[in-house]
Amino acid sequence: MPTALREGGFEIKINTDDHRPAHVHVWYQGALSIITLEPAVTEREVYGNLSRAQRRRAVRLVSENRDYLLKKWNEVHG
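### Some words on the side chain of H23
Stage number 1. Its location among the elements puts H23 in strand β3 (residues 23-28).
Stage number 2. Engagement of the side chain of H23 in a polar contact is seen with the side chain of D18, the distance being 3.0 Å.
Stage number 3. At 2.7 Å, the side chain of H23 and the backbone oxygen of P21 are in polar contact.
Stage number 4. Discounting chain neighbours no more than four positions away, the residues touching H23 are D18, I34, I35, T36, L37, R44 and W73.

Right, here's the structure in full:
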């Protein structure tokens, strides 16, 4: 699963063998948040111990980089 973006301790990854809807896997200190890119940026699932503030930061980070991440998703998945 290649890393598309790193910032503030967060690693945003796109799984090369994944499914729609377009989404990213956001890792932070061993915990995972899966966030959809379309039709809107929304948190779909959380695994591990992420605080409410960390979850909000992950969604904000994905929102701020949505166009770039969606472009990367489409490069991987066509």
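The discussion continues.
### What to know about unusual backbone geometry
Apart from glycine, the bulk of residues carry a negative phi angle, and the bulk of peptide bonds sit in the trans form.
Stage number 1. P21 follows R20 through a cis peptide bond whose omega is 5 degrees.
Stage number 2. The residue P21 is located in the loop between β2 (10-13) and β3 in this model.
Stage number 3. That bond from E38 to P39 is cis: its omega, 5 degrees, falls within 30 degrees of zero.
Stage number 4. Here P39 lies in the loop between β4 (31-36) and β5 (42-47).
Stage number 5. Of note, the phi angle at Q29 is positive, near 50 degrees, even though the residue is not glycine.

### Side note on the sheet that holds β3
Stage number 1. With respect to topology, five strands assemble into an open sheet ordered β1-β2-β3-β4-β5, the strand pairing being antiparallel. Each edge of the sheet is formed by a strand with only one pairing partner; in this case those strands are β1 (3-7) and β5. The average angle at which neighbouring strand axes cross in this sheet is 20 degrees, direction not considered.
Stage number 2. Bridge count between β1 and β2: four bridges; the pairing is antiparallel. Bridged to E7 within β2 is F10.
Stage number 3. Helix-sheet contacts for helix α1 (residues 52-64) involve β1, β2, β3, β4 and β5, and the interaxial angle to β2 is about 50 degrees.

Cut-offs and rules
- Residues numbered from 1 in each chain as written.
- Predicted model: local features only at pLDDT ≥ 70, side-chain atom pairs only at ≥ 80, totals over all residues.
- Heavy atoms only, no water.
- Helix = DSSP H or I, 4+ residues; strand = E, 2+ residues; numbered from the N terminus.
- Polar contact = N/O pair within 3.5 Å; in protein donor to acceptor, adjacent residues only side chain to side chain.
- Contact = heavy atoms within 4.5 Å.
- Pairing = 2+ DSSP bridges.
- Axes fitted to C-alpha atoms, helices over the stretch in contact; angles between N-to-C directions.

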